[in-house]
Amino acid sequence: MKSFAKAWVLSALGAFAATSAFAESPKSVELVRAMRTDEIAVANAKLAFLGGNLAERFGKTSKGCIKRVSYTEFTAGWARVVDGFLKPPEIDSALTFYQSPAGIKYVEGLLRRMRERQGKESQLPEVPSKEEISPEQLAKISDFSSTDLGRKLGNDFLQSPAAVAWGSDMTAQIAKKCGGK
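Fair warning: this is a prediction, and the values are worked out from it, not measured in the lab.

1. Focus: helix 8 (residues 101-118)
Look at helix 8: 26 Å from first C-alpha to last across 18 residues, which is about the 26 Å you get at 1.5 Å a residue. Among all positions of helix 8, only Ala102, Gly103, Val107, Glu108, Gly109, Leu111, Arg112 and Met114 are buried. Where the residues of helix 8 are buried, they touch helix 2 (26-35), helix 3 (37-50), helix 7 (88-98) and helix 9 (135-145). Phi for glycine 119, located one or two positions after helix 8, is positive at around 80°.

Right, dumping it as structure tokens:
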């Protein structure tokens, strides 16, 4: 019995340590929200479920449930991906850009273009204002996009093994929550 109790305590401590080690940092959560990565990922997953593109893999899901899934359920997971992908100084630099007026315009423009490509079935939020980018904001967007960090976030982040794994896990969680397998 002592060995069972000892094994149980050690496994509980291990689970606690693992969860603590992978807890997201507040700045990575801010960055995920500023980039709207969680919102975009969940909206794209919803679109795939609602369009029937995931039915073969996950079975039948409730459309009403799918529409009610909130991106906030997955923010922490995306923040953990950020923490594993970027160093703290990179997170700070990215936050500086994405929380700036130019960074906000960049993300809003991205949302507009994605929503337009997806059509009326898009699950992405509408961006209410008109796209107006000043020459200064355009220069800041261009400057950031041409940095190593800008290219890293623009090209490599969503294709990283951690992001691909979390995206798959997120999709499976949505399916399970909404009646799929």
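2. Examining the side chain of aspartate 38
Counting through the fold element by element, aspartate 38 comes out in helix 3. By relative accessible area, which is 0% here, aspartate 38 ends up buried. Side chain to side chain, aspartate 38 and arginine 33 meet in a polar contact 2.6 Å long. Setting aside its immediate chain neighbours within four residues, aspartate 38 contacts Val32, Arg33, Tyr71, Phe74, Thr75 and Trp78.

3. A look at the packing of aromatic side chains
Going through the model one piece at a time under the given rule, you end up with nine aromatic pairs. Measuring from ring centre to ring centre gives 5.8 Å for phenylalanine 49 and phenylalanine 58, while their planes differ by 45°; the resulting arrangement is tilted. The class for phenylalanine 58 is buried, based on a relative accessible area of 5%. With 4.1 Å between their ring centres and 5° between their planes, phenylalanine 97 and phenylalanine 144 make a pair best called stacked. With a gap of 47 residues between them, phenylalanine 97 in helix 7 and phenylalanine 144 in helix 9 connect regions that are remote in the sequence. Across the pair, phenylalanine 144 and phenylalanine 97 agree in class, each one buried. A cation over an aromatic ring shows up here: lysine 152 above the ring of phenylalanine 85, its NZ or CZ 5.2 Å from the ring centre.

4. Structural notes on unusual backbone geometry
Backbone geometry at arginine 36 places phi at a positive 60°, although glycine is not the residue there. Inspection of the secondary structure assignment puts arginine 36 in the loop between helix 2 and helix 3.

5. Some thoughts on the side chain of serine 100
Relative to the assigned elements, serine 100 resides in the loop between helix 7 and helix 8. Within polar-contact distance, the side chain of serine 100 engages the backbone nitrogen of glycine 103 at 3.1 Å.

6. Notes on the environment of lysine 60
When you line up the elements, lysine 60 lands in the loop between helix 4 (55-58) and helix 5 (63-68). As for lysine 60 and alanine 175, which are separated by 115 residues in sequence, their C-alpha atoms are 8.6 Å apart. Sequence-distant contacts of lysine 60, defined by excluding residues within four places in its chain, comprise Cys178, Gly179 and Gly180.

7. Some thoughts on the pattern of salt bridges
All told, the structure shown has nine salt bridges when counted by the stated rule. One salt bridge in this structure joins arginine 36 and glutamate 39, with 2.9 Å as the shortest N-O distance. Of the charged contacts in the structure, one is a salt bridge between aspartate 148 and arginine 151, with a shortest N-O distance of 2.7 Å. With aspartate 148 and arginine 151 both in helix 10 (residues 148-156) and three residues apart, this pair spans about one turn of that helix. Classification of aspartate 148 by relative accessible area gives exposed; the value is 61%. Shared partners join several salt bridges into a network, and the residues in it are Arg33, Arg36, Asp38 and Glu39.

About the criteria used
- Residues numbered from 1 in each chain as written.
- Predicted model: local features only at pLDDT ≥ 70, side-chain atom pairs only at ≥ 80, totals over all residues.
- Heavy atoms only, no water.
- Helix = DSSP H or I, 4+ residues; strand = E, 2+ residues; numbered from the N terminus.
- Expected span 1.5 Å × (residues − 1).
- Buried < 20%, exposed > 50% of the residue type's maximum accessible area, 1.4 Å probe, protein only.
- Contact = heavy atoms within 4.5 Å.
- Polar contact = N/O pair within 3.5 Å; in protein donor to acceptor, adjacent residues only side chain to side chain.
- Phe/Tyr/Trp six-rings, centres within 6.5 Å; stacked < 30°, edge-to-face > 60°.
- Lys NZ or Arg CZ within 6 Å of the ring centre and 35° of its normal.
- Salt bridge = Lys/Arg side-chain N within 4 Å of Asp/Glu carboxyl O.

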